[in-house]
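Inside the fold
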Amino acid sequence: MLRPDRALDPGIRQRFLREGYAANAVGHPGVVSIDDDEEEAGAAFLVMELLEGESVDKLARRLGGRVPWEMTVELLVQLLE
């Protein structure tokens with residue numbers, strides 16, 4: 001979501017939308033797709049693909065407060081891809 005005060009600037013709004021849609025060109029399963037853009041109450045926002053999953057914070061809590069180093073390495077490899 002682009003804050004309303006930033007959305008008033010046409011250049012900033014255009015850049016926001018352009019960079020959002022540029023993510024679609026990446027074509028990687030780890031990058032969400034942008035499906036649409038909208039404006040409400042002066043704020044611009046992007047409509048993104050909904051992903052199912054768990055945050056690393058929730059994962060750590062579920063595993064007793066820490067993510068094992070082997071799993072951390074696996075997550076980092078996915079992130080770097």
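Structure shown above.
Residues numbered from 1 in each chain as written. Predicted model: local features only at pLDDT ≥ 70, side-chain atom pairs only at ≥ 80, totals over all residues. Heavy atoms only, no water.

Moving on, we get to the pattern of salt bridges. One pass over the full model with this rule turns up 5 salt bridges. One salt bridge connects E39 with R13, and the closest N-O pair in it is separated by 3.3 Å. Linking E39 in strand β1 (residues 34-40) with R13 in helix α2 (residues 10-22), this pair joins segments that are 26 residues apart in sequence. Here E39 falls in the partly exposed class, since its relative accessible area comes to 48%. In this structure, D57 engages R61 in a salt bridge whose closest nitrogen and oxygen atoms are separated by 3.2 Å. Of this pair, D57 and R61 both sit in helix α3 (residues 56-62), 4 residues apart, roughly one helical turn. (Salt bridge = Lys/Arg side-chain N within 4 Å of Asp/Glu carboxyl O. Helix = DSSP H or I, 4+ residues; strand = E, 2+ residues; numbered from the N terminus. Buried < 20%, exposed > 50% of the residue type's maximum accessible area, 1.4 Å probe, protein only.)

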